[in-house]
Amino acid sequence: MKEVHLLKRMAHALMSGYARKQEDPYRPDWHLSPCVGLLNDPNGFIHHNGRYHLFYQWNPFSCAHGAKFWGHWSSTDLVNWKHEPVALVPSESYETHGCYSGSAVVDQGAITLIYTGNVKYDDGSRTAFQCIARENTHGEYDKLGPVLTLPAGYTGHVRDPKVWRHDDRWYMVLGAQDLDRQGKVLLYGSADLLAWEKIGEIAGSRLGGLGDFGYMWECPDLFPLDGKEILICCPQGVPAEEERYLNTFQAGYLVGSLHYESGAYSHQGFHELDLGFEFYAPQTTLSEDGRRLLFGWMSIPDENEFFEPTIDHGWIHIMTCPRELTLHNDRVYQRPAHELQQLRRDHYTWHGAANYAPSLPVQSAEVLIDVQGEFQLTLASQLLLCWDGERVTMSRRNRRTGEPEHRYWRGNLRQLQILCDRSSIEVFINDGEAVISSRYFPEGEATMTFSGSGLLTLQHWLLASCVIE
Ligand code: FRU
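For the chain, the name recorded in an unreviewed UniProt entry is Sucrose-6-phosphate hydrolase, with Samsonia erythrinae as its organism. Listed under Function (unreviewed entry) in UniProt, the entry text for the chain is "Enables the bacterium to metabolize sucrose as a sole carbon source." What UniProt states about the chain under its Sequence similarities (unreviewed entry) heading is, verbatim, "Belongs to the glycosyl hydrolase 32 family."

Below, the structure written as structure tokens:
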């Protein structure tokens, strides 16, 4: 479809959506959300020339998946964001069904995007092109076209390039499905971002001791952390167990070491990055001062997505808060990026047994809880978080079926750091040891209430809102 036609339709979608924006109880105060339509994966997350850039998978036309655009925001501080010109519009023959996920690097002084051109055919088959686009002086992106077609030995499901520089060479990981319908991650190398050569499969189902581990792996991201190479990946088709892999699709990581020349990646077991109901397709970058930062998509591509009531307001889905990653005993810890502390207002503290704790206003708030003993908290009469001395359980009713559903973490609970923003909660356990995220849709002003005999030290801040400019 012609670019100008797509842009006219996009302008129309934005104009129609504008009027509906005013009375919207679920629109986050400080998380990133789409103006209209559907947002999914974070893409092209990078810091360059004093600004963070975050692109995102976006269907401006409706609250459904479809031929994705790349929207674009930027920020100096990860908190205050502004809109940038839309980066990619699926107008070319090599991306008819979407400019799918990818990443950004700085090459020749300019942000350069590497993304997947997705093409579907009438018989249900598909192909994928890995494509390049480079920033011009207007802050827009000029497409340079495909640099890689489908590799032999894989189905049309090859996508989501994440590119980085190592020892004066470019490297790329790609999510893929082989002809036996097993999910894989491919490693490529290049001198110039244009000519790519395959180094090998570095991880996947039936590799590295994982056994059968999914029919497709999406959105890989490989980066060094504390002397190890972490591979983030999103396997699809891993059977649910009693207390883990409970979402339709998983987003997690492997800790290992990569031999770049041979592509040998020896790694340990798979761990989920977020144990909550909504989390998928995360992507990382380095901050200016060398911290590894992550944004995730606070949803899952499944049939439950479309039961979220923001659809009545013309939009759907948000990003997680920016999170900082560290490695402790070969496990990835996540903490809210410290920049978020600038949102804190009106500090309040309280200490006592949970049964006597005051209820807290949490429409947009941070709650820090030091825990001694069992307790439970309820959020907006919808979401329950229970600590029974052995595990933390988050419970709610499934929006599609109405049935109760639960997510779990086992360990020794000492502390919770909770971020609430209108329709989302992110619970950080023990200073980053685990995270449980969920959307919720309160009727009226949300409060958090407590019960149980455990002793709690509560700290509460209201969080300021910041509009995307
Ligand atoms: C993950 C994903 C990616 C794909 C994109 C399309 O959510 O399916 O694999 O590139 O979304 O929007």
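Back to the write-up after that little detour.
Caption draft 1: Summary view of the pairing of strand β5 (residues 99-107). For β5, a buried count of eight out of nine residues is recorded, marking the element as mostly surrounded by other parts of the structure. Bridge analysis of β5 against strand β6 (residues 110-120) gives eight bridges, and the strand direction is antiparallel. Bridge pairing in β6 links Ser103 to Ile114. The antiparallel pairing of β5 with β6 creates a hairpin that spans two residues between the two strands, and Gln108 there sits at a positive phi of about 50°.

Caption draft 2: Quick look at the domain arrangement of the chain. Split by domain assignment, the chain resolves into domain 1 (3-15 + 26-336) and domain 2 (342-463). Between domain 1 and domain 2, the C-alpha centre-to-centre distance is 29 Å. In this complex, domain 1 contributes 37 residues to the contact, which on the side of domain 2 involves 37 residues. Between domain 1 and domain 2, roughly 3400 Å² of surface is buried when both sides are summed, and carbon and sulfur atoms account for 55% of that area. Joining domain 1 to domain 2, the criterion identifies ten salt bridges. Between domain 1 and domain 2 we count 25 residue pairs in polar contact (both at pLDDT 80 or more) in total.

Caption draft 3: Representation of unusual backbone geometry in the model. Positive phi is not limited to glycine here, since Asp167 has a value of about 45°. Judged by relative accessible area, which is 66%, Asp167 ranks as exposed. Positive phi outside glycine occurs at Asp431, with the angle close to 60°. The residue Asp431 is located in the loop between β31 (424-429) and β32 (434-439) in this model. Assessed through its relative accessible area of 38%, Asp431 is described here as partly exposed.

Caption draft 4: Molecular detail of the site of the ligand. All residues adjacent to the ligand are Asn40, Asp41, Gln57, Lys68, Tyr100, Ser101, Arg159, Asp160, Glu218, Cys219, Tyr280 and Trp297. Here an oxygen atom of the ligand and a side-chain polar atom of Lys68 are 2.9 Å apart. The contact in question runs from an oxygen atom of the ligand to an N or O atom on the side chain of Asp160, over 2.5 Å. If the ligand stood free it would expose 320 Å²; the protein chains cover 93% of that surface. Those elements that provide at least two residues to the shell around the ligand are β1 (37-48), β5, β9 (154-166) and β13 (216-225). Counted by class, the shell around the ligand contains four nonpolar, three polar and five charged residues.

Caption draft 5: Seen up close, the packing of aromatic side chains. Inspection of every chain in the model, using the stated rule, returns 20 aromatic pairs. Residues Phe45 and Tyr52 carry aromatic rings whose centres are separated by 6.3 Å and whose planes lie at 40° to one another, so their mutual orientation is tilted. The exposure classification of Phe45 matches that of Tyr52, with both residues buried. The interplanar angle of 85° and the centroid separation of 5.6 Å between the aromatic rings of Phe55 and Tyr141 together place this pair among those described as edge-to-face. Taken together, the residues span a long stretch of sequence, with Phe55 in strand β2 (residues 51-59) and Tyr141 in strand β8 (residues 141-148) at a distance of 86 residues. The exposure class assigned to Tyr141 is buried, which follows from its relative accessible area of 8%.

Caption draft 6: Inspection of the sheet that holds β31 at higher detail. Here six strands make up an open sheet; going across it, the order is β23-β34-β25-β30-β31-β32 and the pairing antiparallel. For this open sheet the edge positions go to β23 (344-353) and β32, each flanked by a neighbour on one side alone. On average, each strand axis in the sheet is tilted by 15° relative to the strand beside it, whichever way the strands run. Bridge count between β31 and β32: six bridges; the pairing is antiparallel. The residue of β32 that forms the bridge with Ile429 is Ala434.

Caption draft 7: A look at the environment of Pro90. Along the chain, the position of Pro90 falls in the loop between β4 (81-83) and β5. It is 29 Å that separates the C-alpha atoms of Pro90 and Phe223, two residues lying 133 residues apart in sequence.

Caption draft 8: Highlighting the environment of Ile369. Within the fold, Ile369 resides in strand β25 (residues 364-372). The exposure class assigned to Ile369 is buried, which follows from its relative accessible area of 0%. Each C-alpha atom, one on Ile369 and one on Ala191, is 50 Å from the other, the two residues being 178 residues apart in sequence. Leaving out residues up to four positions away in the same chain, Ile369 has contacts with Leu377, Arg414, Gln415, Leu416, Ile418, Phe450, Leu456, Thr457 and Leu458.

Caption draft 9: Highlighting the UniProt feature "domain: Glycosyl hydrolase family 32 C-terminal" (unreviewed entry) in the chain. The positions that UniProt labels "domain: Glycosyl hydrolase family 32 C-terminal" (unreviewed entry) are, in the present scheme, residues 414-447. Across residues 414-447, helical content stands at 0% and strand content at 59%; the span's end C-alpha atoms are separated by 23 Å.

Caption draft 10: Seen up close, the pairing of strand β11 (residues 183-190). With eight of eight residues buried, β11 lies mostly within the body of the structure. For strand β10 (residues 169-178) and β11, the ladder comprises eight bridges, and the chain directions are antiparallel. The residue of β11 that forms the bridge with Leu174 is Leu186. Hairpin remark: β10 followed by β11, antiparallel, with four residues in the connecting loop; positive phi at Arg181, about 60°. Examined bridge by bridge, β11 and strand β12 (residues 196-204) share seven bridges and lie antiparallel to one another. Paired with Gly189 across the two strands is Glu197, which belongs to β12. Counted between consecutive antiparallel strands, the loop separating β11 from β12 contains five residues, among which Leu193 sits at a positive phi close to 75°.

Definitions and cut-offs
Residues numbered from 1 in each chain as written. Predicted model: local features only at pLDDT ≥ 70, side-chain atom pairs only at ≥ 80, totals over all residues. Heavy atoms only, no water. UniProt positions renumbered as here; feature names shortened; annotations may be inferred. Buried < 20%, exposed > 50% of the residue type's maximum accessible area, 1.4 Å probe, protein only. Helix = DSSP H or I, 4+ residues; strand = E, 2+ residues; numbered from the N terminus. Pairing = 2+ DSSP bridges. Domains from an automatic or database assignment. Contact = heavy atoms within 4.5 Å. Buried area = accessible area lost by both parts, 1.4 Å probe. Salt bridge = Lys/Arg side-chain N within 4 Å of Asp/Glu carboxyl O. Polar contact = N/O pair within 3.5 Å; in protein donor to acceptor, adjacent residues only side chain to side chain. Near = heavy atom within 4 Å. Areas by Shrake-Rupley, 256 points an atom, 1.4 Å probe, with all protein chains shown as cover. Nonpolar A, V, L, I, M, F, W, Y, C, P; charged D, E, K, R; others polar. Phe/Tyr/Trp six-rings, centres within 6.5 Å; stacked < 30°, edge-to-face > 60°. Axes fitted to C-alpha atoms, helices over the stretch in contact; angles between N-to-C directions.

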